[in-house]
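Spelled out, the chains give:
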Amino acid sequence: MPPKVVDKKRQAEKEKIAIDKTFGMKNKNKSKVVQKYIKAITSNAQGAPKGGIENARREEKDSKHKDLAKAALLNSLFNLDTDRKGKAFDPVAKKKAKQLEEDALA
């Protein structure tokens, strides 16, 4: 339990620093730049949420990678190749189709 007390103490110190940095700015100057600066300082004092957007992006990328790997495994079981996008194609049938097309043109 002591680490939580330390976290609360640090959080209180950060909030006090944020209040000190923004003292008198909130009502004195209402420009967008000042308001943006105040918002940045207060959000830094509160701290970033743990995980959040970065974890969601990482999990999404990992799931896509796993799906592509799974598709490649299934395609290899059925003697199919996969292209860069993860789509399966039959190399023998593709060669035959290409050969027929070349013969038709010649």
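Rules of the game
Residues numbered from 1 in each chain as written. Predicted model: local features only at pLDDT ≥ 70, side-chain atom pairs only at ≥ 80, totals over all residues. Heavy atoms only, no water. Helix = DSSP H or I, 4+ residues; strand = E, 2+ residues; numbered from the N terminus. Buried < 20%, exposed > 50% of the residue type's maximum accessible area, 1.4 Å probe, protein only. Contact = heavy atoms within 4.5 Å. Expected span 1.5 Å × (residues − 1). Patch = residues over 30% accessible without salt bridge, like charges linked within 9 Å, V, L, I, M, F, W, Y side chains within 5 Å. Areas by Shrake-Rupley, 256 points an atom, 1.4 Å probe, with all protein chains shown as cover. Salt bridge = Lys/Arg side-chain N within 4 Å of Asp/Glu carboxyl O. Arc of directions from axis to C-beta. pLDDT = per-residue confidence, 0-100.

Asks: Could you give an account of the overall build of the protein chain, with specific residues and numbers?
Replies: Along the protein chain, the regular secondary structure elements total 5 helices and 2 strands. Reading the secondary structure of the protein chain in the N-to-C direction produces α-α-α-α-β-β-α. For the protein chain, buried positions account for 8% of its 106 residues. Sequence-distant contacts, at least 24 apart, represent 15% of the contacts inside the protein chain between residues at least 6 apart.

Asks: Summarise helix H4 (residues 53–77); cite the residues concerned and give the values.
Replies: An α-helical turn contains 3.6 residues, so a residue and the one three or four places further along point in the same direction. With 25 residues, H4 extends 36 Å between its outermost C-alpha atoms, agreeing within 8% with the 36 Å of an ideal straight helix rising 1.5 Å per residue. Just downstream of H4, Asn 79 is the residue with a positive phi angle, here 55°.

Asks: For a nonpolar patch on the surface, give the residues involved together with the corresponding values.
Replies: Taken together, the side chains of Leu 73, Leu 74, Leu 77 and Phe 78 define a hydrophobic patch exposed on the protein surface, amounting to about 460 Å² of accessible area. Note on placement: Leu 74 falls in helix H4.

Asks: Can you break down the pattern of salt bridges residue by residue, with the values?
Replies: The full count for this structure, using the stated rule, is 1 salt bridge. The partner of Glu 60 in a salt bridge is Lys 64, with the nearest N and O atoms 3.7 Å apart. Within this pair, Glu 60 and its partner Lys 64 are both found in helix H4, separated by 4 residues, close to a single helical turn.

Asks: Lay out the environment of Lys 87 in plain terms, naming residues and giving numbers.
Replies: Residue position: Lys 87 is located in the loop between strand S1 (81–82) and strand S2 (88–89). For Lys 87, a relative accessible area of 54% corresponds to the exposed category. Residues Lys 87 and Ala 71 lie 16 residues apart in sequence; the distance between their C-alpha atoms is 8.1 Å. Not counting residues up to four positions away in its chain, the partners in contact with Lys 87 are Asp 81 and Thr 82.

Asks: Please provide a residue-by-residue account of helix H3 (residues 32–46), values included.
Replies: In this model H3 runs 21 Å from its N-terminal to its C-terminal C-alpha over 15 residues, within 8% of the 21 Å that 1.5 Å per residue would give. Of all the positions in H3, only Val 34, Ile 38, Ile 41 and Ala 45 are classed as buried. Around the axis of H3, the buried residues are gathered within 65° of arc, so they sit on the same side. Facing away from the buried surface of H3 by more than 90 degrees, the exposed residues are Lys 32, Val 33, Lys 36, Lys 39, Asn 44 and Gln 46.

Asks: So what's going on with the confidence of the model for the protein chain? Which residues, and what values?
Replies: On average, the protein chain scores 78 in pLDDT, and the residues at 70 or more come to 85%. When the elements of the protein chain are averaged for pLDDT, helix H2 (residues 25–28) gives the smallest value, 65, and H4 the largest, 86.

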